[in-house]
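Coordinates in review
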Amino acid sequence: MEHLLDESMYQRCERDIWPLTWLGYEDHDQIQQYEIVPVEEYPRIRGWSRAQIDALQNPYALDENGLAMLQSMLFFGAWEFLSGKRLSTTDYIVETSRKQLLQTRSLRHLILLIWREIQKEAEEGNSTKHQERLERFIQAYTTVAGWFTRFTQETRHTGLVINEVKSLGRQARLTLEAMESIKLLLPPEYANSWVSESLGLQAWGLDLDAYRRQLKSNGWCPSFFNQLQYEGLSVVEFACLVNVRDDMPYWKHTDCNERECAASNVDTSAWTSNHRARNCVCDRIAVPLSAIRAVLESGTYFVLDGDLLLAGDPCGNAIVPIATGLSYVAFSHVWSHGLGGVAEDGLPRCQLEYLVQILQDEACEEIPNKLFWIDPMCIPQDEELRTTSIKFMDQIYSNASAVIALDSSLEMTSLHDLTVEEFALRVITSDWNRRLWNLQEALLSKTVLVKAKERCISIQQLHYLLCTGLPTTVATKFRRQLSIMTLGRSRRPTSILLLLRSRMASNRADEPLVIATLLGMDSGSLFSLNAEDRMYRMWEMWGERDGDDRNIPHAIPFSMLPKLSKPCYRWAPRTFMALEKFNITGYLTADATITKDGLRILCHILRFSNVQLKLRSGRCLTIGVSSMGLSQFHVFAHRDVTLDAIALEELPVDSNMRQDAYIDAMGLLSESANTSGSSRYEYQCHIDAQRTQGQHGCSKIQASITQEWILLA
């Protein structure tokens, strides 16, 4: 993974990088003249016999020499074919006192050469070269991925060979992710014309527990692994080199688990803002509640003049009703980091002085009057005034000249001590970027400034710095994450729902308030409802929108997310803040329509000849469907359930699908047809389906399949 690090980070972290053992294949440099061929032809030009080449088809049956050739093919063969350049083992194989290691530092230079060539081809308008590169990428990528899927089969070996196969899996995964970042250098019309299959890290035979332990020992929250693994192995390994243990003086992760970070959850009804120093005893400054009430009851909101507040506001001019064209900054922070509270209590003078000092940052030069808005000074605990204030949240953050993100860890992080990628990782994984309300505040903003130790830096500037550096896998991934944080202002529903998966909230009932606000719905109508009724009403309002605005991605009802119990909305998630159950990935098209009678959705429906099935939790059922060109596949339910149909998100005979791939499915129970003629089904549960050719002792049933529009109730 050395190619992921720039020189400064490599020098700091070289000893902590997990080595990749080179299995000892020596023939790569011995033949000085040979043609660059497709990856699978690599063993042939190295002089291997047909019998030896055929033996490569089963990695678990290989001897060490065969595994060594396979390793050379999946690295040197793949990169030579993709780049069109000959690689030398002297640049990549390092001798140590105990063994040889594969060291990918020189890949940085190769990636740089490819990047420059693509830029030159773009300047020349050479579409032929672009197409050739795309075809090379697809062939190299699919070959490496195809070979490695064989590694995931059940093994009959133990000991050294198995460890070597796991090492090959790690190498192959890092290779594929590096290739993917190169593909993205092509113009969008080429880069987006082919989408690789998304494979979770669990499919690669990796020791995931070792990564979890390393992250935890470096001070990361146990829940971060689930968040990072969505970005791939390169990001996980990069994070394993970043130590954050010394950056958390106010909070720890002892009460957190792999599903949720609880470190920043607080009882908001009883929380009071802290002083900046533990021994500080300065006075507290608050805005008179009567002044807040007067402005809010006039039908608008207000901002504050910090200098006047610090001076005692003798003339009552510190509270400034909003007016057209008024410039101000809105602060976005994490309650548990010290600033949480309510307007009745205000803030300690030391905290207010700190906020006023931040407004002097050069990033705020275009805001001449240094006015600001922050919730512990502006939102009262009084229920009526609090509700009125929250109704203005979309205007407060969307009208602000800038939103400044405050996170205690980031505020102690020096921009001079870290690489751009390291600081981007800190921002992406910060508590600020994991809180629910901060998502709303960031997506509504014109620009987000992150407060670091020395100064503020905008998300846009951080994104630009990643764009101008070497396009490694981690730089590409972090760039995409930062884009989502800012480009989310378009308020595409699919983007918003994806962003919710790693969010946390002290009060989970706030989730539908945030979704409704971001989608332009009336969030005020949700305040008086309980948590489930809030989510139900949010979905109901979504279905009351006009035209295509009622549509949602068809992947949503197929997800493992917990669902509502309300009739006509049993398919609808009761929360999206469940990272371990959030199996919605890839590009999402809004093609299912919410109606008052249920969700209208196009599905592949399996029927069982008027037979109701009773699936038991954890038990497997084999379904045979001869019309699909595939003999059978397995289905699993996670609870006991009765159903008479199964809806598949996709067909298990897709030519791009691995033999053992899982398909998301839903268990259904028939209801009567409705006036539109569509069959109506009651959603029962999420089901895992697996393409297979073996029965493995499961009970078996035949089914017919059709593709049709249904109503999901």
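Keep in mind the model is a prediction, meaning the values are calculated, not measured.

Definitions and limits used
- Residues numbered from 1 in each chain as written.
- Predicted model: local features only at pLDDT ≥ 70, side-chain atom pairs only at ≥ 80, totals over all residues.
- Heavy atoms only, no water.
- Phe/Tyr/Trp six-rings, centres within 6.5 Å; stacked < 30°, edge-to-face > 60°.
- Helix = DSSP H or I, 4+ residues; strand = E, 2+ residues; numbered from the N terminus.
- Buried < 20%, exposed > 50% of the residue type's maximum accessible area, 1.4 Å probe, protein only.
- Lys NZ or Arg CZ within 6 Å of the ring centre and 35° of its normal.
- Pairing = 2+ DSSP bridges.
- Axes fitted to C-alpha atoms, helices over the stretch in contact; angles between N-to-C directions.
- Contact = heavy atoms within 4.5 Å.
- Arc of directions from axis to C-beta.

So, the packing of aromatic side chains
Pairs of aromatic rings are described using the distance from one ring centre to the other and the angle between the two planes. Per the stated rule, a full pass over the model turns up 17 aromatic pairs. Here Trp22 and Phe76 contribute two aromatic rings whose centre-to-centre distance is 5.6 Å and whose plane-to-plane angle is 85°, an arrangement assigned as edge-to-face. Of this pair, Trp22 sits in the loop between strand 1 (20-21) and helix 2 (42-45) while Phe76 sits in helix 4 (residues 64-83), and the two are 54 residues apart along the sequence. The class for Trp22 is buried, based on a relative accessible area of 4%. Looking at Phe76, the relative accessible area reads 0%, which means it is buried. Between Phe75 and Phe76 the ring centres are 5.1 Å apart and the planes differ by 90°, which places this aromatic pair in the edge-to-face class. Taken together, the aromatic side chains of Tyr536, Trp539, Trp542, Tyr569, Trp571 and Phe576 make up a single cluster linked through ring pairs. The lysine or arginine in question, Arg136, covers the ring of Phe81, its NZ or CZ lying 4.8 Å from the ring centre. Between the NZ or CZ atom of Lys566 and the centre of the ring of Tyr536, over which it lies, the distance is 5.2 Å.

A closer look at the sheet that holds strand 10 (residues 402-406)
Spatially, 6-5-9-7-10-11-12 is the arrangement adopted by the seven strands of the open sheet, whose pairing is mixed. At either end of the open sheet lies a strand with only one pairing partner, and these are strand 6 (319-321) and strand 12 (456-458). In this sheet, adjacent strand axes meet at a mean angle of 35° when their direction is disregarded. Docked against the sheet, helix 12 (residues 289-297) engages strand 5 (302-305) and strand 6, running at close to 5° with respect to strand 6.

Here's the deal with helix 12
Looking at helix 12, one finds that the buried residues are Ile292, Val295 and Leu296. Along the axis of helix 12, the buried positions cluster into a sector of 95°, meaning they face one direction only. The outward face of helix 12, more than 90 degrees from its buried face, is lined by the exposed residues Ser290 and Glu297. Buried positions along helix 12 lie against strand 5, strand 6, helix 15 (375-378) and helix 16 (383-391). Of the residues one or two after helix 12, Gly299 is the one with positive phi, at around 95°.

By themselves, these are just geometric observations and shouldn't be taken as functional.
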